[in-house]
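Now for the letters of each chain:
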2 protein chains.
Amino acid sequence: MLKLSKKTEYAFMAARHLAMNNSGHYSTAKEIADNCQIPYQLVAKVLQNFARNKIATSFQGAKGGYKLNRLPDNISLIDIIKAVEHNYQVTECMQEDNSKSTCSHLDCCKIRDPLIEIQRKIDNVFVQTSLKQIL
Amino acid sequence: MLKLSKKTEYAFMAARHLAMNNSGHYSTAKEIADNCQIPYQLVAKVLQNFARNKIATSFQGAKGGYKLNRLPDNISLIDIIKAVEHNYQVTECMQEDNSKSTCSHLDCCKIRDPLIEIQRKIDNVFVQTSLKQIL
DNA sequence: TTATATACGACTAATTTAGTCTTATTTATT
DNA sequence: AATAAATAAGACTAAATTAGTCGTATATAA
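Just so it is clear, the model here is predicted, and its values are computed rather than measured. Going along each chain's sequence as written, the residues are numbered from 1 onward. By the order in which they are written, chains take letters starting at A while ligands take numbers starting at 1. Reporting in this predicted model follows two pLDDT cut-offs: at least 70 for local features of residues, and 80 or more for side-chain atom pairs to be given and counted; totals over whole chains, interfaces and linings ignore these cut-offs and use all residues. Heavy atoms from the whole structure form the basis of all side-chain values; hydrogens and water molecules are not counted.

Caption draft 1: Layout of the relation of the copies chain A and chain B. For the match of chain A to chain B, the screw axis carries a shift of 0.0 Å, the RMSD comes to 0.0 Å, and the turn is 180 degrees. On the angle and the small slide along the axis, the relation comes out as a two-fold axis. No C-alpha of chain A approaches the rotation axis more nearly than that of Leu2 of chain A, which lies at 2.0 Å. The fit set for superposing copies consists of C-alpha atoms from residues with pLDDT of at least 70 in both; the fit itself is least squares.

Okay, here's the thing in structure tokens:
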């Protein structure tokens, strides 16, 4: 419990690789998969998420690949997490739009408010850590 | 991802109930299950974990139940989490004894050290929040 | 003796996460 | 024009974790 997903771990690793290799060629999914010893298909998806979320720019075709859009200093871990996860919340009912929460005791729950505070603090840990800090 | 388990949510709720009802009778698993609308068997186990971990004292038999051992001010959320979870780590390799980690790239992992720091910060969130604060 | 409670392990079901497969599209190179 | 190397993306399967149930033993007040 309270575990980061492999997807997020791979995203951190991939972002790190992009940051360390941002001169000359574009880094490819294959290159990162080999270098970090993680499954190719999963890195590929992570990188696609980076591109969709403007963390990186993708170049298709031969000699293609990815490059970061910002300096590592200006990318926080929360950006990376949000790019690859749509559910990074401490409880189900923390969703921004909690109308669709299926929690059966939302109405009688006494611990939701304090947990929102916990959530905020945990968010902050990732907001306040930049990619540069994990190089 | 990064979600608290139901077990932990139930543990927070149960601890809260014990704290709010610590005069006169001992709170029972049934009472808490009914009051918080959570499955009896699960609260029962949570309470057993509290007893084993000296957070509460149990009284067996009719008119039995549980009472907290310390004031809510002196019980931190990390105590509650540790009582019910043996795996509350951000990554598999964060285990105190990481010799039994099965992570295949422990030796080439570049993000472990920064993640240890993240782990420490998240731990702190729970260390620094007392049961009193969620009443 | 009975009713009410905790203690606890084994088991099953449900959900989530991780990983794979397949196909389409883009583009540099030959 | 053909080929090879790359991204794009959805569907699917497998594995692992989490949630919940069942059964049985033990303790104790009435």
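Caption draft 2: How the structure looks around the protein's contact with DNA strand D. In the neighbourhood of DNA strand D, 26 residues make up the surrounding shell, with Ser58 and Tyr66 of chain A together with Lys6, Lys45 and Gln60 of chain B lying closest. Residues are classed as near a molecule or strand on a simple rule: at least one heavy atom within 4 Å of it. Restricting the count to atoms of DNA strand D within 4 Å of the protein gives a sugar and phosphate share of 67%. In this structure, Gln60 of chain A approaches DNA strand D through a side-chain N or O atom, which is 3.3 Å from a base oxygen. If you list the elements that add at least two residues to the surface near DNA strand D, you get helix 3 (40-52), strand 1 (56-59) and strand 2 (65-68) of chain A together with helix 1 (6-20) and helix 3 (40-52) of chain B. Each polar contact in these results corresponds to two N or O atoms within 3.5 Å; when the atoms are within protein, one needs to be able to donate a hydrogen and the other to accept it, and residues that are neighboring in sequence are counted only if both atoms are side-chain atoms. Secondary structure counts use DSSP, requiring at least four H or I residues in a row for a helix and at least two E residues in a row for a strand, with both numbered from the N terminus.

Caption draft 3: Structural context of the environment of Asn49 of chain B. All names here are of chain B. With respect to the helices and strands, Asn49 occurs in helix 3. Considering only alpha carbons, one finds Asn49 and Ala83, 34 residues apart in sequence, at a separation of 5.7 Å. For Asn49, the contacting residues outside a window of four places in its chain are Ala83 and Val84. Whether two residues touch is decided by their heavy atoms; if any such pair falls within 4.5 Å, the residues are in contact.

Caption draft 4: Structural context of the protein's contact with DNA strand C. Neighbouring DNA strand C are 26 residues, the closest being Lys6, Lys45 and Gln60 of chain A together with Ser58 and Tyr66 of chain B. When atoms of DNA strand C within 4 Å of the protein are split into backbone and base, the sugar-phosphate part holds 68%. Between DNA strand C and Gln60 of chain A there is a distance of 3.0 Å, counted from a sugar or linking oxygen to a side-chain nitrogen or oxygen. Between DNA strand C and the protein, one listed contact pairs a base nitrogen with a side-chain N or O atom of Gln48 of chain B at 3.4 Å. Contributions of two or more residues to the surface near DNA strand C are made by helix 1 (6-20) and helix 3 of chain A together with helix 3, strand 1 (56-59) and strand 2 (65-68) of chain B.

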